[in-house]
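# Working through the structure, step by step
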Amino acid sequence: MKAHILVLPGDGIGPEVTAAAVEVLQCVAQRFGHEFQFDEQLIGGAAIDATGTPLPDATLHAAQHADAVLLGAVGGPKWSDPNAKVRPEQGLLAIRKALGLYSNLRPVKPHAATLGASPIKPHLLQGVDVMVVRELTGGIYFGEKTRSATDASDLCRYSVVEIERVVRHAATLARSRSGKLTSVDKANVLETSRLWRDVTSRVVREEFPDVTLEHQLVDSMAMHLLARPREYDVIVTENMFGDILTDEASMLAGSLGLLPSASLGDGKVGIYEPIHGSAPDIAGKGIANPYATILSAALLLRHSLGLEAEAQCVETSVAEALEAGVFTADLATQGHAVSTHTATAAVLERQQGCQVLAL
Ligand code: NAD
Ligand code: IPM
Ligand code: MN
């Protein structure tokens, strides 16, 4: 197949990890006989430096005309002055909103080889397979913001339609997995959460009677997620709770550098990015873990291009590299830590072993 993939490297380790994922996608194209055309545009701090805005028109235009977008990360100390007029993160929020990507899938499935990298006891991690569905274009991230010399506010607002569509997506996923859906909110305090709970209950009752729904308050959820992670399957939650819970959940897998994501909407294009940020503390050193971005490329193959065998080839190659102990510094609790380049090469090498069914 032919596909146009837009690459948005962004800032910090973004260019390092997207370069790794592009190599993997090029290898997929070559092995499976596809033609992937890569285009690159600016976003985030790099775009502010070059054009004054974190999401230039050319970038949004290219994204709207691509089959899929692979993104690294945005932000960093250079652009983090609390009084700055523009911020890199605004570019990321704006592109998610403009493309209508309201549903952000964040799978968390600890690998046997990385149990030692997790601060959680290994017996609690066996069999854990969680899919967090994070609402991505609403809530406190997108409400009106005000700031004066004496106060500041961020408005948190959700509409029924915004809740319905992401819950339908999550319930559909739950149906294809174990049939269990956990909705996370703060309905004991927040009005938006009470609406969230009402709408979620109705949608599941009326449209997904075969799905078992439970509601959980976000504070105790943060605890349960670490204490009994095996009991969860699909978790659906609002924008900010999903952001925080998934960084927490990365500790089940052992590192933030392992978790991929897919941001999807009703249109054809999706954004695929690791859940981690630009990691300014390690940027430019060639030591970032590329697996989260490579696994995001696998989600791109699956969700935007419909290439399931190719997606599995990439996922299996990463799993085999982990089994072989090919760990970057974030995972190498003892023993030798490899560079981004070596970890990527380990995945590329294992891709050669994939069975090519599509040729
Ligand atoms: P971060 O995710 O960038 O880093 C947190 C810690 O995890 C750091 O110690 C970092 O070195 C480590 N880490 C992250 N990814 C790693 C990888 N692939 N390999 C090895 N180690 C990795 O979070 P932060 O430090 O709070 O934020 C830094 C900047 O990134 C901020 O400007 C923030 O806004 C931005 N950010 C962007 C995104 C995004 O673009 N999607 C996501 C989160 C944070
Ligand atoms: C993420 C990031 C972003 C978010 C920031 C950088 C805007 O933390 O993708 O998880 O909060 O959505
Ligand atoms: Mn985040």
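Residues numbered from 1 in each chain as written. Chains lettered and ligands numbered in written order. Predicted model: local features only at pLDDT ≥ 70, side-chain atom pairs only at ≥ 80, totals over all residues.

By the naming in an unreviewed UniProt entry, the chain goes by 3-isopropylmalate dehydrogenase and is assigned to Thermomonas beijingensis. In its Function (unreviewed entry) section, the UniProt record describing the chain reads: "Catalyzes the oxidation of 3-carboxy-2-hydroxy-4-methylpentanoate (3-isopropylmalate) to 3-carboxy-4-methyl-2-oxopentanoate. The product decarboxylates to 4-methyl-2 oxopentanoate." As stated in UniProt under Subunit (unreviewed entry), the record for the chain gives "Homodimer." (UniProt positions renumbered as here; feature names shortened; annotations may be inferred.)

### Regarding the packing of helix 6 (residues 160-176) against helix 7 (residues 191-207)
Close contact between helix 6 and helix 7 brings their axes to 9 Å; oriented N to C, the two are set at 50 degrees. Overall, the two elements helix 6 and helix 7 adopt an arrangement that is oblique. When the axes of helix 6 and helix 7 are compared, the crossing they make is right-handed. Side by side, helix 6 and helix 7 meet where Val 160, Ile 163, Glu 164, Val 167, Arg 168 and Ala 171 of the first sit next to Leu 195, Trp 196, Val 199, Thr 200, Val 203, Val 204 and Glu 207 of the second. When the residues that make up the contact of helix 6 with helix 7 are grouped by side-chain class, the tally is nine nonpolar, one polar and three charged. (Axes fitted to C-alpha atoms, helices over the stretch in contact; angles between N-to-C directions. Helix = DSSP H or I, 4+ residues; strand = E, 2+ residues; numbered from the N terminus. Parallel < 35°, antiparallel > 145°, perpendicular 65-115°, else oblique. Left-handed = near helix turned anticlockwise from the far one by under 90°. Contact = placed C-beta atoms within 7 Å. Nonpolar A, V, L, I, M, F, W, Y, C, P; charged D, E, K, R; others polar.)

### What about the environment of Ala 112?
Looking at the secondary structure, you find Ala 112 in the loop between strand 4 (103-108) and helix 5 (122-125). Sequence-wise, Ala 112 and Ile 244 are 132 residues apart; in three dimensions their C-alpha atoms are separated by 24 Å.

### Some words on the site of ligand 1
Neighbouring residues of ligand 1: 23 residues in total, closest Gly 75, Gly 257, His 276, Gly 277 and Asn 289. Within the shell around ligand 1, the residues separate by chemical class into 11 nonpolar, eight polar and four charged. (Near = placed C-beta within 6 Å.)

### Some thoughts on the sheet that holds strand 8 (residues 180-185)
Strand order across the open sheet formed by 10 strands is 2-1-3-12-11-4-5-10-8-9, with mixed pairing between neighbours. In this open sheet, the two edge strands, each paired with only one partner strand, are strand 2 (35-40) and strand 9 (212-217). With strand direction ignored, the average angle separating the axes of adjacent strands in the sheet is 25 degrees. As defined by bridge partners, strand 11 (residues 260-264) adjoins strand 12 (residues 271-274) across four bridges and the pair is classed as antiparallel. Paired with Ser 261 across the two strands is Glu 273, which belongs to strand 12. In the packing of helix 7 onto the sheet, the strands contacted are strand 8 and strand 9, and the crossing angle to strand 8 comes to about 165 degrees. (Pairing = 2+ DSSP bridges.)

### Regarding helix 7
Each α-helix turn comprises 3.6 residues. Residues three or four places apart therefore point the same way. For helix 7, with 17 residues, the first-to-last C-alpha span of 24 Å sits near the 24 Å given by 1.5 Å per residue. Taken together, the buried positions of helix 7 are Thr 192, Ser 193, Trp 196, Val 199, Thr 200, Val 203 and Val 204. Buried positions in helix 7, seen along its axis, are confined to an arc of 130 degrees and lie on one side of it. Helix 7 presents Glu 191, Arg 205 and Glu 206 as exposed residues on the side facing more than 90 degrees away from its buried surface. (Expected span 1.5 Å × (residues − 1). Buried ≥ 20, exposed ≤ 12 C-beta atoms within 10 Å, placed from the backbone. Arc of directions from axis to C-beta.)

### With respect to the site of ligand 2
Around ligand 2 lies a shell formed by Gly 75, Glu 89, Leu 92, Leu 93, Asp 243, Ile 275 and Gly 277. Broken down by element, the shell around ligand 2 gets its largest block of residues, three residues, from helix 4 (residues 88-98). Its residues assigned to classes, the shell around ligand 2 shows three nonpolar, two polar and two charged.

### Quick look at the environment of Thr 293
In this fold, Thr 293 is placed in helix 10 (residues 291-303). Between the alpha carbons of Thr 293 and Arg 202 there is a distance of 36 Å; along the sequence they are 91 residues apart. With sequence-adjacent residues up to four places away left out, Thr 293 is seen in contact with Val 17, Thr 18, Ala 20, Ala 21, Gly 72 and Pro 274.

### What to know about the domain arrangement of the chain
Parsing the chain into structural domains produces domain 1 (1-104 + 259-359) and domain 2 (119-253). Its C-alpha centre places domain 1 at a distance of 24 Å from the equivalent point of domain 2. Each partner contributes residues to the interface: domain 1 has 10 residues there, and domain 2 has 16 residues. Those elements giving two or more residues to the side of domain 1 that touches domain 2 turn out to be helix 4 and strand 4. (Domains from an automatic or database assignment.)

### Notes on the UniProt feature "binding site: Mg(2+)" (unreviewed entry) in the chain
Mapped onto this structure's residue numbering, the UniProt feature "binding site: Mg(2+)" (unreviewed entry) falls at Asp 219, Asp 243 and Asp 247. Of note, Asp 243 is situated in helix 9 (residues 239-253). Classification of Asp 243 as partly exposed rests on a count of 18 C-beta atoms within 10 Å.

### Examining the pairing of strand 4
Extensive coverage of strand 4 is indicated by the burial of five of its six residues. With six bridges connecting them, strand 4 and strand 5 (residues 130-135) associate as antiparallel partners. Its bridge partner lying in strand 5, Asn 104 is registered against Arg 134. Pairing geometry for strand 4 and strand 11, over three bridges, is antiparallel. The residue bridging Leu 105 from the neighbouring strand is Ala 262, located in strand 11.

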